Amino acid sequence: MTSFSDLLPLPAASPAYLGLAHRIRGMVMDGRLATGSRLPSERALAETLGLSRTTITRAFAELVDTGWAVARRGSGTTVRLPVADRAPSISLVPTRREDTIDLSAAAGLAPDGTAEIVARALEWLPSTLAGAGYEPYGALHLREQIADRYTARGVPTHPDQIVVTAGALLAVSVALHTLVRPGERLVMDSPSYPGAIESAATVRARAVPVPLEGDWDLTGWTTAVRRARPRAAYLIPDFHNPTGLLMSTDRRQELARILGDADCAPIVDETPAELDFGETEHALPFAAIAPDAVCIGSTSKVLWGGFRIGWLRCPEPLVDAVRATARSLSLGASALDQLVATSYLEDPEPVRAAVADRLRQARGMWRDALAARLPEWRVPSPPGGLGLWVTLPARLSTELALSARSHGITVAPGSTFSPDRTHTNRLRLPLTLPLDVIDEAVERLAAAWETARSGSRSAARMDALAL
Ligand SMILES: Cc1ncc(COP(=O)(O)O)c(C=O)c1O
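1. Re the side chain of Arg-421
Then step 1. Topologically, Arg-421 is positioned in the loop between β13 (412-413) and β14 (426-430).
Then step 2. With no salt bridge to any partner, buried Arg-421 finds its closest opposite charge in Glu-198, at an N-O distance of 5.4 Å.
Then step 3. Among the polar contacts made by the side chain of Arg-421, one reaches the main-chain carbonyl oxygen of Ser-415 at a distance of 3.1 Å.

So, in structure tokens, the structure goes:
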């Protein structure tokens, strides 16, 4: 839950009301206070902070005047982002320039053993070639494999409940097209997976962000669900992208109850679920707790993003609707890629364990190199997943992303992961980077950071002169 007492102490140099407005803006930019949140009443905030009512009134007026809040009679003061401060979106598809280290996408190279997996698929190809090749919901051999995996994890599943798509991003899109009508609300974490944020915009869903900081804030979820009455919720409970967090079984149970009470359909993206570094207790699959959940999976993260195979697992009552949407968007995934996925899923554990081990190693190397070169950056140690959700000591991740290009590096700034373009003091670094490139990447990051910081210092000097 947002703690407004965190607004203290106020910065010493400026009048109290400007300092308070500055601190509230900071909370919004860091994603601790979601845009669209209502501020406490002036009286309540004055009491919480031990400040005069006049200071609070003037701070709120300052936020409204500068476009950071709207005040409506009867519904209080609500924070928002001024249009000019919405950071630009940066594509997360990997670049292929020789001289550039790409940190913007968390996409690994194909692991050892891929050639053997493909060779087995090619042995099966002749029998597939005897058919027309169109399988709009996925080939039965693959749907059976996927269904068996859910059943083994405690979520009994019939192959007809599986719809195979060309990658998990398409599966997210199918789920959103099926469940959410234009103008309806979709509640999601902030930060979250950028592809889902863009898909939500494409179906014209109104994203309702709930700040995710350290762990899922169920009070925040309760408030958002009560206030916004969302049609659906998009969740990544297993090694969340970009934070790497794992939601505990207790929290899953509580969140499933909150969503169930509000008739809000869970869309559970389990794409990173296999990227477990083996250091934490397992959590129950979300669908074992919430049978109405639509689950999404993929082979991209463990095997290779170049095989475009993802899927949805639908609760029975939704199968027809999901199939109809899937068929309207695509005539199905590549038959050859589906054979590769089946071949991989026959015995995925050796590849999975090796990939997870390599990502864990990368976590250690990134942390060591960053501690040595950029000790003021806060670097977490997530229990799994694809990246490190790093905290910078200033809200300069967009500036860093821009200066990075001239230092031979591309990065994904925090705002890319935010439904409301906040998190401008955050950066996601990919654990998928080849291990022997990490030190050089950190050198370039340090140089780009220096450029971003000196740029911001001269911008601040210009602002001071303009005043
Ligand atoms: C949470 C999440 N969902 C979906 C995807 C997209 O996966 P795919 O390559 O299978 O489309 C990603 C890729 O990073 C992801 O992190």
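And the narrative resumes.
2. A few points about helix α13 (residues 349-373)
Then step 1. Counted at 1.5 Å a residue, the expected span for α13 with its 25 residues is 36 Å, and the 36 Å between its end C-alpha atoms agrees.
Then step 2. All buried positions along α13 are accounted for by Val-351, Arg-352, Val-355, Ala-356, Leu-359, Ala-362, Arg-363, Trp-366, Ala-369 and Leu-370.

3. Comments concerning the domain arrangement of the chain
Where interface size is quoted, it is often the accessible area lost as the parts come together.
Then step 1. By domain assignment, the chain separates into domain 1 (4-82), domain 2 (101-106 + 373-466) and domain 3 (116-346).
Then step 2. Relative placement of domain 2 and domain 3: their C-alpha centres are 29 Å apart.
Then step 3. In this assembly, 18 residues from domain 2 lie in contact with 22 residues from domain 3.
Then step 4. Summed over both sides, the interface between domain 2 and domain 3 buries roughly 1700 Å², with carbon and sulfur atoms accounting for 63% of that surface.

4. Re the packing of aromatic side chains
Geometry of an aromatic ring pair is reported as the spacing of the ring centres plus the angle between the planes.
Then step 1. The full count for this structure, using the stated rule, is three aromatic pairs.
Then step 2. Taken together, a centroid distance of 5.5 Å and an interplanar angle of 90° make the contact between Trp-377 and Trp-449 edge-to-face. Here Trp-377, found in the loop between α13 and β11 (387-391), pairs with Trp-449, found in helix α15 (residues 438-466); they are 72 residues apart in sequence, far enough to count as distant.
Then step 3. Ring centres of Trp-389 and Phe-417 lie 5.5 Å apart, and the angle between their planes is 75°; this geometry places the pair in the edge-to-face category. Of this pair, Trp-389 sits in strand β11 while Phe-417 sits in the loop between β13 and β14, and the two are 28 residues apart along the sequence.

5. Some thoughts on the sheet that holds β13
Then step 1. In spatial order, the strands read β11-β14-β13; together these three strands make up an open sheet with antiparallel pairing. Both edges of this open sheet fall to β11 and β13, since each of them pairs with a single strand only.
Then step 2. Where β11 and β14 come together, five bridges link them in antiparallel fashion. Opposite Val-390, over in β14, you have Leu-427 as the bridge partner.

6. A word on the pairing of strand β8 (residues 265-269)
Then step 1. Across the five residues that make up β8, a large majority, five, are buried.
Then step 2. The two faces of β8 match: Ala-265, Ile-267 and Asp-269 on one face and Pro-266 and Val-268 on the other face are all buried.
Then step 3. Pairing of strand β7 (residues 232-235) with β8, which is carried by four bridges, proceeds in the parallel orientation. Residue pairing across strands places Ala-233 opposite Pro-266, the latter belonging to β8.
Then step 4. In the classification by handedness, the crossover that spans β7, the intervening helix α9 (residues 249-261) and the parallel β8 is right-handed.
Then step 5. Of the pairings in the sheet, the one linking β8 to strand β9 (residues 294-298) comprises three bridges and is parallel in character. Bridge assignment links Asp-269 to a residue of β9, and that residue is Ile-296.

7. Overview of the site of the ligand
Then step 1. Around the ligand lies a shell of 13 residues, among which Ala-168, Asp-269, Ser-298, Ser-300 and Arg-308 are the nearest.
Then step 2. Note that an oxygen atom of the ligand is positioned 2.8 Å from one of the side-chain N or O atoms of Arg-308.
Then step 3. Calculation on the ligand without its partners gives an accessible area of 400 Å², and the protein chains cover 93% of this total.
Then step 4. Looking at side-chain class alone, the shell around the ligand contains five nonpolar, five polar and three charged residues.

8. Some thoughts on the sheet that holds strand β4 (residues 162-165)
Then step 1. Overall, mixed pairing links the seven strands, which are arranged β4-β10-β9-β8-β7-β5-β6 in an open sheet. In this open sheet, the two strands that pair with only one neighbour each are β4 and β6 (206-211). Neighbour-to-neighbour, the strand axes of the sheet open up by a mean angle of 20°, direction not taken into account.
Then step 2. Examined bridge by bridge, β9 and strand β10 (residues 310-313) share four bridges and lie antiparallel to one another. Among the inter-strand pairings, Ile-296 is bridged to a residue of β10, identified as Leu-312.
Then step 3. Packed onto the sheet, helix α5 (residues 140-152) meets β4, β9 and β10 and runs at close to 120° relative to β4.

Rules of the game
Residues numbered from 1 in each chain as written. Predicted model: local features only at pLDDT ≥ 70, side-chain atom pairs only at ≥ 80, totals over all residues. Heavy atoms only, no water. Helix = DSSP H or I, 4+ residues; strand = E, 2+ residues; numbered from the N terminus. Buried < 20%, exposed > 50% of the residue type's maximum accessible area, 1.4 Å probe, protein only. Lys, Arg positive; Asp, Glu negative; His and termini not counted. Salt bridge = Lys/Arg side-chain N within 4 Å of Asp/Glu carboxyl O. Polar contact = N/O pair within 3.5 Å; in protein donor to acceptor, adjacent residues only side chain to side chain. Expected span 1.5 Å × (residues − 1). Domains from an automatic or database assignment. Contact = heavy atoms within 4.5 Å. Buried area = accessible area lost by both parts, 1.4 Å probe. Phe/Tyr/Trp six-rings, centres within 6.5 Å; stacked < 30°, edge-to-face > 60°. Pairing = 2+ DSSP bridges. Right-handed = clockwise from strand over helix to strand, strands pointing away. Near = heavy atom within 4 Å. Areas by Shrake-Rupley, 256 points an atom, 1.4 Å probe, with all protein chains shown as cover. Nonpolar A, V, L, I, M, F, W, Y, C, P; charged D, E, K, R; others polar. Axes fitted to C-alpha atoms, helices over the stretch in contact; angles between N-to-C directions.

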